[in-house]
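Residues per chain, in single letters:
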Amino acid sequence: PEGPGVAITPPPGGLKMAGPEPGGSFRRCLARLGALRLQAGSELPAGGRRTELHLLFDQLISESCGPAAADVCALLVQACQLVHLDQAHLVSKVCQLIYHLLNRFQVTFDEQNLNFLLSYCISALKQCSSWTHVEILQALAALVYNNGPKCQKYLPDLLGKTGLLVQFSDSAQPNTELRTAALHSMANLCLSVPGQTYLDESYRSVCFQTFLSVLQSSKTSDVDDITFCVLLQNALKGIQSLLNGGKMKLMQADQLGSLLAVLKVNTEIDIGKCALQLPVACKTVWEDEEERAEKKKHRVSLTLAEEGREDLCDTGKESIRGVDMLKLRLGDAQNSSHSDPKTLASDAAYVPAGKDHLSSHCTSWKRISSSESEYSDAEGGIQSKTRSYQAKVRQGALACFLSTIKSIEKRVLYGYWSAFVPDAPGIGSPQSVSLMTIALKDPSPKTRACSLQVLSAILEGSKQFLSVAEDANDHKRAFTPFSVTIASSIRELHRCLLLALVAESSFQTLTQIIKCLANLVSNAPYSRLNPGLLTRVWNQIKPYICHKDVNVRVSSLTLLGAVVSAQAPLPEVQLLLQQPSSSGLNSSGSGTPHRFNSSEQWRKAVPLEGESPDNPVGCMSSEPCWLIRLCISIVVLPREDSCSDSDANFPSGSVYEPSPVRLESLQVLALLVKGYFSMAQTYLLELGEVACKCMEEVDPSIQLHGAKLLEELGTGIVQQYKPDSAVAPDQRVPVSMVVTFWTMMLNGPLPGALQNSQHATLQTSACDALSSILPEAFGSLQNDQQILCITLLLGLNHSETPLVKAAAARALGVYILFSCLRQDVMFVADTANAILNSLHDKSPNVRAKAAWSLGNLTDTLIVNMETMGQSFQEEFSDLLLLKMLRSATEASKDKDKVKSNAVRALGNLLHFLQPYHVANPRFRETIEESLQALISTVLSEATMKVRWNACYALGNVFKNTALPLGEAPWTTQAYNALSSVVKSCKNFKIRIKSAMALSIPSKRECYGPTEQFCQIWDALVEALQKSEDTEDFLEFKYSASLRTQICQALLHLLSLAKSTDLPLIWKTITENGDAIRSYVLQYMKSGVEENEAGTHTDLCERERKLKGAIEHLNGIEKQVEGKAGVRVCVYLEGILTNHANATELTKT
């Protein structure tokens, strides 16, 4: 066990010493205690009794055999019962016993014994002499460790306003050892136990302020360095426990700023200095440093101009949480004695060679520490111990920082970005300490790794924050924009991390550096930055791909994966992938020979069209992508004999590379295929064989990644053949090669993977891979292979595993759209039954996938109805159609993810119905329920996608002339729902779709009586006037599209209006004529511009619609009593004349 005053000391789990009779001597001591208790008050003299207790306690303290937990509890209780509080020496000894036993053995107390022992210690603190308090507090710390929830009733005595721990840990406490022990107990009390009650807010606040005040205090001359370090350690671990408890929220800016300030000071403690760096009061330091920094800026502005970077605080209002940043500024005063490694090897960090290139630089700064020659042997020992404790403080501060990051929102954290992340190298002046300073300068590998973990945590999820970064093109600005400052910070992070990469010797820390680089690469907006950053990363990491340490190799491949997935495709990365295979792969200093130099080729690739068989794709002389070749060789080639992995966890007798290396290589291949398919398609058949080989292996992880690689290959091919694809037809993978590819898959291990019920995740990935087949290629497969695919998917749709069933349901939804399958009535029926089965599954994920597939299936029904006519409708089962209607209606009441596609399916199904279906009594009730479901969904508070789909579905319903539109009672409800939405819905996309639905009926009778027709007209006019009214600025960009759709709907209504409708229409025009005129003129004028909104109508077509409405109204003019019809015609002709005049003026 650790000595007195240590930071929180967890009992070693289950540590028990072997002996001839485990716990035998312990039980004998327990028996002697029991005998002494029986003799209490008997003939045994008090002095002799005390002596025997001392001897017995000494023997127990030296006991090494592991007793039973119950024996420990009984012994400690009996010992405390025998020792009265007026016997100070025995109280001290029994407290040492408590501390010793609880730290050596894993003991769980019942509530009764714990309460007794806690009461004893608290009473001892109140009654015993002050010289015993340290031992008592150590015993108390051991008792409360992991027992905080059981100590609730003692918290007022310990943490109240006059609580013992609060008094002893006060800054006025002269005894530092006592203060340290009190902090130790307080920190242990703050430890959370999962699933149990935690400290109340008032106690958490007291503890936090106590720990913070310790970290803000200065070391006095009467306190030695080691003692002060232990004090800081306990305070840091206490704050870490509070933050890890999950209830401590640093909501106040000053509270968070103060904490981050002291953490930053403690991460700098003795980096490269002999003297101990003292934490000071954070507010005065930050304010003073800010003032000094402001003065310094004027002195060095000319020097900094070349770099184009200024302090983040210069950005003024552009800075995030500027107040917090000002509070956390740290200038050069605390770091004036720090040497800057960046200025020693700034150029070297960009050299693409290995470590040998930098050997002369690394030794000059990498392990900066006090020279041993400055001290005598005794002094050197003390200094070494001091540096060890200081390193623990730095590690504790960094661990606490990591917990802080996890307990606050990222948007708040990024307000303090400049305090911990460098934004410029030191040029002619000392640089403030940042996380990178620690990673570069700290003599402890563990501390360097901790700082990199913290930096990784900051970078993780920072994509949105860093997305504002942009390199400055104009260097003559009077100020530095925030975007340029962030860009400068990103560049500096690249420079420092690459510098740390080539200088690091610890394999564990090296792994953390590469992981940190991967996080940076994943979040940096390279498309907005000047090229070159990724090239430096690429060239520097290449040697480490063949490093002798497995973890370094894995993290290097992870970094390469991050590069190829960063905003892919990037031109810079495209060029890097085309580099010669040997570039940058020498001087790695590893024990693993390069696979590129091997004369053995795994398998010759099939020459593509236009290539000579003498120069196949796989030849090194014309290697299109060295990284693909590297990853393939890692996955499939046997391991080299001279390869020596430093990690003993990986069996040395394995034929291949260790599994993590192969898995990471497969992930890199998948990312390459996804981001740079045009380059990967050269290796299509070879990559297919890699996927096959992986799926044939025993390791489930390798099998799974092989299936995922196959899915990415299939998806890449499908993307090339999409109608909106930018890939030229002659640049696409030929369909014949795609057929060859999938034939190889289906004749290989893919069917076996689909049927591997012992590995559900593999089945799921195999389903996803099978659904990525190119439709054109599927039609060219042999008939038995097509049947195999369909049979496997239909069978997996009945799987008991939700993941597999969901994947199978989705795959069927893809297949139902294939042109070679959708006209097969039997396949459509089988797929429908399978999907309906999944639609009633208890898993929400399965139901969501099934609903999506049902929507696709109903899309197919509409396509078949339009292309095949009545023959398909007659062949399709009425019973199945009814079943689909009922299931979709029921699904429309499910969760939003299910509902959005269920209403889409309902619209298609109601559109598909024929007159004999509508007349069938068995359908009538179901049709009514389906329509009511759609209407209620339109008016519901569901998500935008659900309501949009519901409006779209009602528009589909209106297209079916077999339905009694305009006559049935549900017609009024449907029109009222759409009218309400078009006027008042906050989402403009839903308004647009509802206006579109209102303009679909092609006959006046479908709109019902005059009153209803005019209500729709009035609603559209009102919606037109409200088309710019929105509380959400993001909706405003859709207002023009909304006006276009409403104007089209109004003209459509006018072209269908009856004579009885015109008086009410004219009344509305009379009241709102000027507004309507302006909007219609704007609609006429912007005909071509609005094509992006999905309304594919040009200027001439809009004129034709207006003229058509005028002609229609002229035709019914004679039937109108009064002059309403004439007035409406004159009004519309005036609009047309104004438009014609405006057009003529534009032409001239």
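Being a predicted model, the structure only gives us computed values, none of them experimental. (Residues numbered from 1 in each chain as written. Predicted model: local features only at pLDDT ≥ 70, side-chain atom pairs only at ≥ 80, totals over all residues. Heavy atoms only, no water.)

**Student:** Can you help me understand the overall build of the protein in this one?
**Tutor:** The number of helices and strands found in the protein is 54 helices and 0 strands. For the protein, buried positions account for 57% of its 1148 residues. Within the protein, contacts between residues separated by at least 24 positions form 75% of all contacts whose residues are at least 6 apart in sequence. In the structure as shown, the protein presents an accessible area of about 47,900 Å², 52% of it carried by carbon and sulfur atoms. (Helix = DSSP H or I, 4+ residues; strand = E, 2+ residues; numbered from the N terminus. Buried < 20%, exposed > 50% of the residue type's maximum accessible area, 1.4 Å probe, protein only. Contact = heavy atoms within 4.5 Å. Areas by Shrake-Rupley, 256 points an atom, 1.4 Å probe, with all protein chains shown as cover.)

**Student:** Looking at this model, I keep getting lost on the environment of Ile 990. Mind explaining?
**Tutor:** Here Ile 990 lies in helix H49 (residues 988–998). Taking the relative accessible area as the measure of exposure, Ile 990 reaches 2% and is therefore buried. Along the chain, Ile 990 and Tyr 952 lie 38 residues apart, while their C-alpha atoms are 9.1 Å from each other. Look past the residues within four positions of Ile 990 in its chain and what remains in contact with it is Met 944, Arg 947, Trp 948, Cys 951, Val 981 and Cys 985.

**Student:** Please clarify how helix H44 (residues 896–912) should be interpreted in this entry.
**Tutor:** Residues spaced three or four apart along an α-helix point in a common direction, a consequence of the helix completing one turn every 3.6 residues. End to end, H44 covers 24 Å across 17 residues, agreeing with the expected 24 Å (1.5 Å per residue, within 8%). For H44, the buried fraction is high: 15 of the 17 residues fall into the buried class. (Expected span 1.5 Å × (residues − 1).)

**Student:** Any chance you could explain the packing of aromatic side chains here in plain terms?
**Tutor:** What the rule picks out here adds up to 16 aromatic pairs. Look at Phe 778 and Tyr 815: their rings are 5.1 Å apart centre to centre, the planes differ by 70°, and that puts the pair in the edge-to-face class. Pair noted here: Phe 778 is in helix H36 (residues 775–778) and Tyr 815 is in helix H38 (residues 802–815), with a separation of 37 residues, a long-range link. By relative accessible area, which is 0% here, Tyr 815 ends up buried. When the centroid spacing of 5.8 Å and the interplanar angle of 5° are considered together, the rings of Trp 948 and Tyr 952 count as stacked. (Phe/Tyr/Trp six-rings, centres within 6.5 Å; stacked < 30°, edge-to-face > 60°.)

**Student:** In this structure, what is going on with the pattern of salt bridges? I would like to understand it.
**Tutor:** Where charged atoms from two side chains of opposite charge approach closely, those side chains can pair. Considering all chains together, one arrives at 21 salt bridges under this definition. When the shortest N-O distance is used, the salt bridge between Glu 657 and Arg 553 registers 2.8 Å. Of this pair, Glu 657 sits in the loop between helix H28 (626–636) and helix H29 (659–675) while Arg 553 is found in helix H26 (residues 550–565), placing the two residues 104 residues apart along the sequence. Grouping residues by exposure puts Glu 657 and Arg 553 together as buried. Between Asp 1074 and Arg 1077 there is a salt bridge whose closest N-O contact spans 3.0 Å. Taken together, the positions of Asp 1074 and Arg 1077, both in helix H52 (residues 1062–1085) and 3 residues apart, correspond to about one turn of that helix. Its relative accessible area of 62% is what places Asp 1074 among the exposed residues. Given a relative accessible area of 25%, Arg 1077 falls into the partly exposed group. Because the salt bridges share partners, they merge into one network encompassing Arg 662, Lys 693 and Glu 697. (Salt bridge = Lys/Arg side-chain N within 4 Å of Asp/Glu carboxyl O.)

**Student:** It is not clear to me how the confidence of the model for the protein should be interpreted in this structure. Could you clarify?
**Tutor:** Confidence along the protein averages 79 in pLDDT terms, with 77% of residues attaining 70 or more. Note on residues 272–376: pLDDT is under 50 here. Beyond four places in sequence and across chains, it has 221 contacts. In this model residues 1088–1096 is a low-confidence stretch, pLDDT under 50, and it forms 14 contacts with partners more than four residues away in sequence or in other chains. (pLDDT = per-residue confidence, 0-100.)

**Student:** Looking at this model, I keep getting lost on the state of the cysteines. Mind explaining?
**Tutor:** A covalent bond bridging the sulfur atoms of two cysteines is what the word disulfide describes. For the coordinates displayed, the defined rule picks out 0 disulfides. Of all cysteine sulfurs, the one in Cys 985 lies closest to Cys 951, which takes part in no disulfide; the gap is 7.6 Å. Residue class for Cys 951 comes out buried when judged on its relative accessible area of 1%. (Disulfide = S-S within 2.5 Å.)

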